[in-house]
Structures are given as C-alpha cells and as structure tokens.
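# Structure assessment
For reference, the chains in residue letters:
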Amino acid sequence: MPETAPVQCADAWNFRRILHAVVLSAICAFYSHTLDFWAVGTASGLRGIFDLLGGLLLILTTIGFLLVMLISTIVCVFRLRFRRLASNVLAFLCIPACLTTLMLVPLFDPWFWYVVVNQSAFEAEAAAKTPKESSKIVIITGRDISTGLAGAGDNHFVQIVYSGADPNTLKSSDPPLSHIYGKFYRQDEHW
C-alpha cells in the first residue's frame, strides 16, 4: 500500500506571516534607530549608501509585504478561511504595535546605551566644565545626524546634555530636551 502525504487543512493558522510582520517591524525600527545614531562622516560614506539604498529597499519590501497581505486577506474572505484571515489581521496589527514598542522603549534606543556605557566619563566631563554649585546645563557631546542629500533636507544635530537641576527651567527659546537616562538628556536641533 503506497504511503500518501498527510492532508493539510486549508484553513489553518499562519503564524509565519505574523512572525514575518514582527521581523519586518523590527528591521524598520532598527533602521530608524541606526540612522538616528550614526553620525555623518563616519565609515567613509557608508551611511549615505545605507540611507539611500537601505531606505528604498526597506520601503519597497514593506509595501510589497503589505500588498501581499491585503490580497491574501481578500482571498481569505471570499474562500471563507477564517483562521488565515485572523492570521492576516493579527499580522497587520503586529506591525504598528511592534514599531511603536521598539521606537518608544528606551532599551532599544542606541542613545540610551551610549549614555549608560559612557556615564562615568560623561559625568567627569560635566564636573570639569561647571562648578559644583552651578546647576547649569552642560553640553557633553554632539553629532550631525542629517539624512538625505547634502543641502536637500534639513540639518539635524543631536547633543547629549547633562543637567544637575530640573531641565524644565530652560528658556522657551532653547530646543526642548528629551530624557535619556539619569541626568542626561538629548537636545535635537533642526535647521
């Protein structure tokens, strides 16, 4: 008696699709965080290639994935495959949920780890720049993280700032600070 392949149910859960959505979201968040941390002028122009080609490839991949998901969802509706339909809907929902989580949680931010690793050196530099009784804000380091072609987009500069006091005492004309870790803040300037 010949052996036959096991019959697979046409309406089965598709967890691979959900996994693909999570991986794509993680790659998008990693790409965004990398460009937000990688200074202009490092790695002999690799950043420009990464910005242009990587961004284009990532956008095309995301659009292609979403189109395949949309077509698959429509097919599942007409063929009454509700588990596959639920898998597609979960995959759609995973993309914004994962992106939001990875972009907002500080553990995934390279600026957080940069400050944590260099905390003692940054505190020593801040102590050397200001007297003990002063609670003034001290700029520790800065980077140019502008993206796009030179002169075509806006210039984006990031500075790591140490504040011994409450940073809300800044003048309203100063760029706002976002908290990184401890007494360290990030100051973004666009021009």
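Before reading further, recall that the structure is shown in the block above.
Throughout what follows, the structure given in this document is the object of discussion. Residue numbers here run from 1 along each chain, matching the order of that chain's written sequence. Local features in this predicted model are restricted to residues of pLDDT 70 or higher, and side-chain atom pairs are both shown and tallied only at a pLDDT of 80 or more, whereas totals for entire chains, interfaces and linings draw on every residue. Values shown for side chains rest on all heavy atoms present in the structure; no hydrogens or waters enter the calculation.

### Quick word on the overall build of the protein
Note the threshold: Segments assigned H or I by DSSP are reported as helices when at least four residues long, segments assigned E as strands when at least two residues long, and all are numbered from the N terminus. Think of it in three bands: with a 1.4 Å probe and only protein chains considered, a residue is buried below 20% of the maximum accessible area for its type, exposed above 50%, and partly exposed in between. Residue contacts are counted whenever heavy atoms from the two residues lie within 4.5 Å of one another. Each accessible area is a Shrake-Rupley result for a 1.4 Å probe, and residues are judged covered by the shown protein chains and nothing else.
Helix and strand content of the protein: five helices and four strands. Element order for the protein, N to C, with α for helix and β for strand: α-α-α-α-α-β-β-β-β. The buried share of the protein, reckoned over its 191 residues, is 29%. Considering only contacts in the protein between residues 6 or more positions apart, those separated by 24 or more positions represent 62%. About 12500 Å² of surface is accessible on the protein, with carbon and sulfur atoms providing 68% of the total.

### Notes on the nonpolar core
Formally: We define the nonpolar core as a collection of buried residues of types Ala, Val, Leu, Ile, Met, Phe, Trp, Tyr and Cys that are connected through side-chain atoms lying within 4.5 Å of one another.
Core analysis: the biggest nonpolar cluster contains 13 residues, and Val 115, Phe 122, Ile 140, Ile 160 and Phe 184 have the highest contact counts within it. Elements represented by at least two residues in this core include exactly α4 (110-117), α5 (119-129), β1 (137-144) and β2 (156-163). Non-local contacts of Val 115, meaning those with residues more than four positions away in its chain, are made with Phe 122, Ile 160, Ile 180, Tyr 181 and Phe 184. One finds Ile 18, Phe 65, Cys 94 and Ile 95 within the second-largest nonpolar core, a separate group that totals 12 residues.

### Things to note about α4
A turn of α-helix holds 3.6 residues, and therefore any two residues three or four places apart point the same way. Basically, it comes down to this: Arc definition: directions from the helix axis to the C-beta atoms.
Within α4, the full set of buried residues consists of Trp 111, Phe 112 and Val 115. Each buried residue of α4 sits inside an arc of 105° when the element is viewed along its axis, so together they form one side. Tucked inside the fold, the buried residues of α4 contact α1 (15-37), α5, β1, β2, β3 (177-181) and β4 (184-190).

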